[in-house]
Amino acid sequence: MGYEDWHTHNEGCKHAKGKIEEYIKNAIKFKLRTIGVSDHFPYEFLEDIERIPYEEYAITLPEIERYLTTSEDLRDKYKEDIIVRLGFEIDYFKNQESALNTHLTPIKKRLDFILGSIHILNFFNGKGAWGFDDSRFRKDYDYYGADKVYMFYYQSLQKMMNSERFDFDILAHFDLPKKFNDIPMNKEIIDNEMMKTLELIKKRDFTTEINSGGLRKDCKEQYPSKKIIEEMYSLDIPILLGSDAHKPEEVAWKFKKLIKMLKKIGYNQLAHFNRRKRSFIEI
Ligand SMILES: [Zn+2]
Ligand SMILES: [Zn+2]
C-alpha cells in the first residue's frame, strides 16, 4: 500500500524551504498515496504574542487565499498521480478562539483536515508567551524547568480538546516538549497527566499523528514515544502519519520504519481525511 503523509510545510511559512509543488512531486516520486498540505495558520491576529517572532512562524492572513488556490490547482494538476488533501496546522491559544474563527470559518469548507498543535505556552504569572520548541527560547525552558513545561503542555492539550470552539481533527506531535531531550524529574506525575490527555483524546474521538519529525531532532525519536503509542493502541486511538517536512526531501521521512513499528504494536489501519470526514485505510 502507498503511504500517506499528513503533515508538510512549504516556503509560505518563512521557515520551511521549497514550493508546495516540490513537496507534491517528491511525494509522487516516493509513491505516496496521499499528501496532506498543512502549512502553519496565521498568528498576527492573536493577543499576547509580543515575544513571539510570528512573522517567521506562519503564512499571513492576506496569503491564505493564494495558499488555498495554489494547493487546489496542484490537486487538480496531479490528480492522476496522487491524492492531495488540503489542511492547516493551527495553534491553540486559550480564550482566543473567536479571533481565530473570524479568519478560519470563511475558508473552512475548503479544508480536508486540521492539525491541532501547541508550540506556544503562556504561564500564569510567567514572562509571557514563548515557543517551547524554538531553540531561541531555551532560556525560558530552563527558567521554568521540564516538569513545569510538560505539565502545562499536557494541560493545554486538554484545554484544546475541551474547547468547543477550537475545531480540529488531528492532534499533532503529542509529546513535543521532549524535542531538545529534556526529561521530566517527576516522571510519575507527568505520566499521569499524559494518560489523562490520552483518555480525553479517546473520549473526544480525535485522531493522533505519529510524527517522524522527532527523528530529525535532538530527542531522536518520533512523536510520541513507542511507550505512548502502545498506550494509544490499547485505548484504540486512531492514528495517521506525518513527516512535518520543512524541506521537500523530508516528505514521508522514515515512514517505512514507523509502519514496521506500528504493525508490531498491533495497528493495522490508519486514518484518512476527506473534507473533514474520517475513514480508514489498511496497512
Ligand atoms: Zn514549522
Ligand atoms: Zn508543529
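Everything below is about the structure printed above this text.
Summarised in this report is the structure supplied together with it.

Rules behind the numbers
- Every chain is numbered independently, its residues counted from 1 as its sequence is written.
- To read the labels, note that chains go from A and ligands from 1, taken in the order they are written.
- In keeping with the predicted nature of the model, local features appear solely for residues at pLDDT of at least 70, side-chain atom pairs appear and are counted solely at 80 or more, and the whole-chain, interface and lining totals rest on all residues.
- Values shown for side chains rest on all heavy atoms present in the structure; no hydrogens or waters enter the calculation.
- Note on definitions: angles span 0 to 180 degrees between N-to-C directions of axes, and those axes are lines fitted to C-alpha atoms, for helices only across the stretch in contact.
- Put simply, DSSP marks the helices as runs of H or I at least four residues long and the strands as runs of E at least two long, and each gets a number from the N terminus on.
- An angle counts as roughly parallel when it lies under 35 degrees, as roughly antiparallel when it exceeds 145, as roughly perpendicular when it falls between 65 and 115, and as oblique in every other case.
- Definitions for this section: a left-handed crossing has its near helix turned counterclockwise from the far helix by less than a right angle. A right-handed crossing has that turn clockwise.
- We call two residues contacting when some pair of their heavy atoms lies within 4.5 Å.
- Each residue gets one of three labels, nonpolar for Ala, Val, Leu, Ile, Met, Phe, Trp, Tyr, Cys and Pro, charged for Asp, Glu, Lys and Arg, and polar for the others, Gly among them.
- Two rings from Phe, Tyr or Trp (for Trp, the six-membered ring) form a pair when their centres sit within 6.5 Å of each other. Planes less than 30 degrees apart are called stacked, planes more than 60 degrees apart edge-to-face, and all others tilted.
- The rule for a charge over a ring is simple: NZ of Lys or CZ of Arg within 6 Å of the ring centre, and within 35 degrees of the ring normal.
- Listed donors are limited to N, O and S atoms within 2.8 Å of the metal, widened to 3.2 Å for Na, K and Ca; water is not among them, so incomplete-looking sites are possible.
- Under the scheme applied here, a residue whose accessible area is under 20% of the maximum for its type counts as buried, over 50% as exposed, and between as partly exposed, the area being computed with a 1.4 Å probe on protein chains only.
- Residues grouped as a nonpolar core are buried Ala, Val, Leu, Ile, Met, Phe, Trp, Tyr and Cys residues, joined through side-chain atoms within 4.5 Å.
- Handedness of a crossover: with both strands directed away from the viewer, a clockwise path from the first strand across the helix to the second marks it as right-handed.
- Paired strands are those between which DSSP finds at least two bridges.
- Only one rule defines a salt bridge in this text: a Lys or Arg side-chain nitrogen within 4 Å of an Asp or Glu carboxyl oxygen.

1. Considerations on the packing of helix α1 (residues 20-29) against helix α2 (residues 64-77)
Thinking step 1. At their nearest, the axes of α1 and α2 sit 10 Å apart, and the two run at 30° to each other. Between α1 and α2, the interaxial angle falls into the category roughly parallel. Handedness of the α1/α2 crossing: right-handed. Seen from α1, the contacting residues are Ile20, Glu21 and Ile24; seen from α2, they are Tyr67, Thr70, Ser71, Leu74 and Lys77.
Thinking step 2. Grouping the amino acids of the contact of α1 with α2 by side-chain chemistry returns four nonpolar, two polar and two charged.

2. Details of the packing of aromatic side chains
Thinking step 1. Following the criterion strictly, the structure yields 21 aromatic pairs and no others.
Thinking step 2. Put simply, the rings of Phe123, Trp130, Tyr141, Tyr143, Tyr144 and Phe152 touch in pairs and so form one group of aromatic residues.
Thinking step 3. A cation over a ring is seen here: arginine 216 above tryptophan 253, with NZ or CZ 5.5 Å from the ring centre.
Thinking step 4. Here the basic side chain of lysine 254 rests over the ring of tryptophan 253, its NZ or CZ set 5.5 Å away from the ring centre.

3. A word on the coordination of the zinc ion (ligand 1)
Thinking step 1. His15 (NE2), His40 (NE2) and His246 (NE2) make up the full set of protein donors to the zinc ion (ligand 1), lying at 2.0 to 2.1 Å.
Thinking step 2. The sequence pattern describing where the donors of the zinc ion (ligand 1) fall on their chain is H-x24-H-x205-H.
Thinking step 3. The buried category is assigned to histidine 40, whose relative accessible area is 6%.

4. Here's the deal with the nonpolar core
Thinking step 1. Residues Phe41, Phe88, Trp130, Phe132, Tyr154, Phe174 and Leu198 are the most contacted members of the largest nonpolar core, which totals 88 residues.
Thinking step 2. A per-element tally of this core places helix α5 (residues 146-162) first, with eight residues.
Thinking step 3. Setting aside anything within four residues of it in sequence, one finds phenylalanine 41 in contact with Ala58, Ile64, Phe88, Glu89, Ile90, Leu100, His103, Leu104 and Ile107.
Thinking step 4. If you look at the next biggest cluster of nonpolar residues, it comprises eight residues, including Trp6, Phe113, Ala172 and Phe273.

5. Concerning the pairing of strand β8 (residues 207-211)
Thinking step 1. When you tally the buried positions in β8, you get five out of five residues, the bulk of the element.
Thinking step 2. Residues of β8 alternate between two faces, with Thr207, Glu209 and Asn211 on one and Thr208 and Ile210 on the opposite face, all of them buried.
Thinking step 3. You can see the chain leave strand β7 (residues 170-171), run along helix α6 (residues 187-204) and come back into β8, and the turn it takes is right-handed.
Thinking step 4. Of the pairings in the sheet, the one linking β8 to strand β9 (residues 239-242) comprises four bridges and is parallel in character.

6. Let's talk about the pattern of salt bridges
Thinking step 1. Under the definition given, this model contains 23 salt bridges.
Thinking step 2. A salt bridge links arginine 136 to aspartate 134; the nearest nitrogen and oxygen atoms lie 2.9 Å apart.
Thinking step 3. The class for aspartate 134 is buried, based on a relative accessible area of 8%.
Thinking step 4. Here aspartate 191 makes a salt bridge to lysine 227, at a shortest N to O gap of 3.2 Å. Placement of the pair is aspartate 191 in helix α6 and lysine 227 in helix α7 (residues 226-234), with a sequence separation of 36 residues.
Thinking step 5. Judged by relative accessible area, which is 29%, aspartate 191 ranks as partly exposed.
Thinking step 6. Ionic contacts of the salt-bridge type, sharing partners, join the residues Lys108, Asp167, Asp169 and Arg276 into one network.

Read these as geometric descriptors, not functional statements.
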